[in-house]
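Residues per chain, in single letters:
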Amino acid sequence: MDMTNTIVPDSSQINAEDLLTGPRTFTITGVSAGNAEQPVNIALAEVPDRVYRPSKSMRRVLVAAWGADSSAYIGRRMTLYREPTIRFGKDEVGGLRLSHLSNIPGPLKIALTVSRGKRDPFVVQPLPD
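First things first, this report covers the structure right here in the doc. (Residues numbered from 1 in each chain as written. Predicted model: local features only at pLDDT ≥ 70, side-chain atom pairs only at ≥ 80, totals over all residues. Heavy atoms only, no water.)

1. Comments concerning the nonpolar core
Here's step 1: Grouped together as the largest cluster of nonpolar side chains are 27 residues, with contacts concentrated most on Y52, V61, W66, M78, L98 and L101.
Here's step 2: Put simply, the parts of the chain that give this core at least two residues each are β1 (24-33), β2 (40-44), α1 (56-66), β4 (77-83), β7 (95-101), β8 (108-115) and β9 (118-126).
Here's step 3: Apart from the residues lying within four places of it in its own chain, the contact partners of L101 are V61, L62, A65, W66, R77, M78, V124, Q125, P126 and L127. (Core = buried A, V, L, I, M, F, W, Y, C linked by side-chain atoms within 4.5 Å. Buried < 20%, exposed > 50% of the residue type's maximum accessible area, 1.4 Å probe, protein only. Helix = DSSP H or I, 4+ residues; strand = E, 2+ residues; numbered from the N terminus. Contact = heavy atoms within 4.5 Å.)

The following block contains the structure:
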């Protein structure tokens, strides 16, 4: 018996716990506005009942890679992975990061804020067709 389905959290969004078994690649079917706390919902073909709600840092990566017009994201693909060292305040809670994106010509390197006044380079690789 495959235990993967038994550990999926009951949620309307994809969480870090969903990727305990490893990274997954998703196809974007839509992008809509969320709320003040989670301003973006990205609908995914592979999990039609749940959305990806990217962090501000991952939204910055998406804009750097694909531009500000989210209608262009539809049909594009992304690989998400669980990063256990992501912090919320002082606690390491884990979270989702992008590792690969379709529709980029080569590796994309961007400096992302990791804490107040500290930025580190972050690299996203191209996702082959």
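Past the structure itself, the notes keep going.
2. Details of the side chain of E83
Here's step 1: Secondary-structure assignment places E83 in strand β4.
Here's step 2: Despite its burial, E83 pairs with no opposite charge; the closest candidate is R97, at 4.3 Å N-O.
Here's step 3: There is a polar contact of 2.6 Å between the side chain of E83 and the side chain of T85.
Here's step 4: When neighbours within four sequence positions are excluded, E83 is seen to be in contact with G94, G95 and R97. (Lys, Arg positive; Asp, Glu negative; His and termini not counted. Salt bridge = Lys/Arg side-chain N within 4 Å of Asp/Glu carboxyl O. Polar contact = N/O pair within 3.5 Å; in protein donor to acceptor, adjacent residues only side chain to side chain.)

3. Description of the pattern of salt bridges
If the charged atoms of two oppositely charged side chains come close together, the side chains can form a pair.
Here's step 1: Within the structure shown, the criterion is met by two salt bridges.
Here's step 2: With a closest N to O distance of 2.9 Å, R50 and D18 form a salt bridge. Of this pair, R50 sits in the loop between β2 and β3 (51-52) while D18 is found in the segment before β1, placing the two residues 32 residues apart along the sequence.
Here's step 3: With relative accessibility at 9%, the residue R50 sits in the buried group.
Here's step 4: Salt-bridge contacts for D120 lead to K118; the nearest nitrogen and oxygen are separated by 3.1 Å.
Here's step 5: A residue is classified by how much of its surface remains accessible, and K118, at 40% relative accessible area, is partly exposed.

4. Some details on the side chain of D18
Here's step 1: A relative accessible area of 14% means that D18 is categorised as buried.
Here's step 2: A polar contact is formed between the side chain of D18 and the side chain of R50, at a distance of 2.9 Å.

5. Thoughts on the environment of R59
Here's step 1: On the secondary structure map, R59 appears in helix α1.
Here's step 2: By relative accessible area, which is 21% here, R59 ends up partly exposed.
Here's step 3: C-alpha separation for the pair R59 and P39, spaced 20 residues apart in sequence, amounts to 10.0 Å.
Here's step 4: If near-sequence neighbours (up to four positions away) are discounted, R59 is found in contact with P39, V40 and P54.

6. With respect to the pairing of β4
Regular strands place side chains that alternate from one sheet face to the opposite one.
Here's step 1: By the bridge criterion, four bridges tie β1 to β4 in an arrangement that is antiparallel. Paired with R24 across the strands is L80, a residue of β4.
Here's step 2: Two strands pair when backbone bridges link them, and β4 and β7 are joined in this way by six bridges, in the antiparallel orientation. Bridged to L80 within β7 is L98. (Pairing = 2+ DSSP bridges.)

7. Describing α1
Here's step 1: Turning to α1, its buried residues are S57, M58, V61, L62, A65 and W66. For α1, the angular spread of buried residues about the axis comes to 145 degrees, placing them on one side. (Arc of directions from axis to C-beta.)

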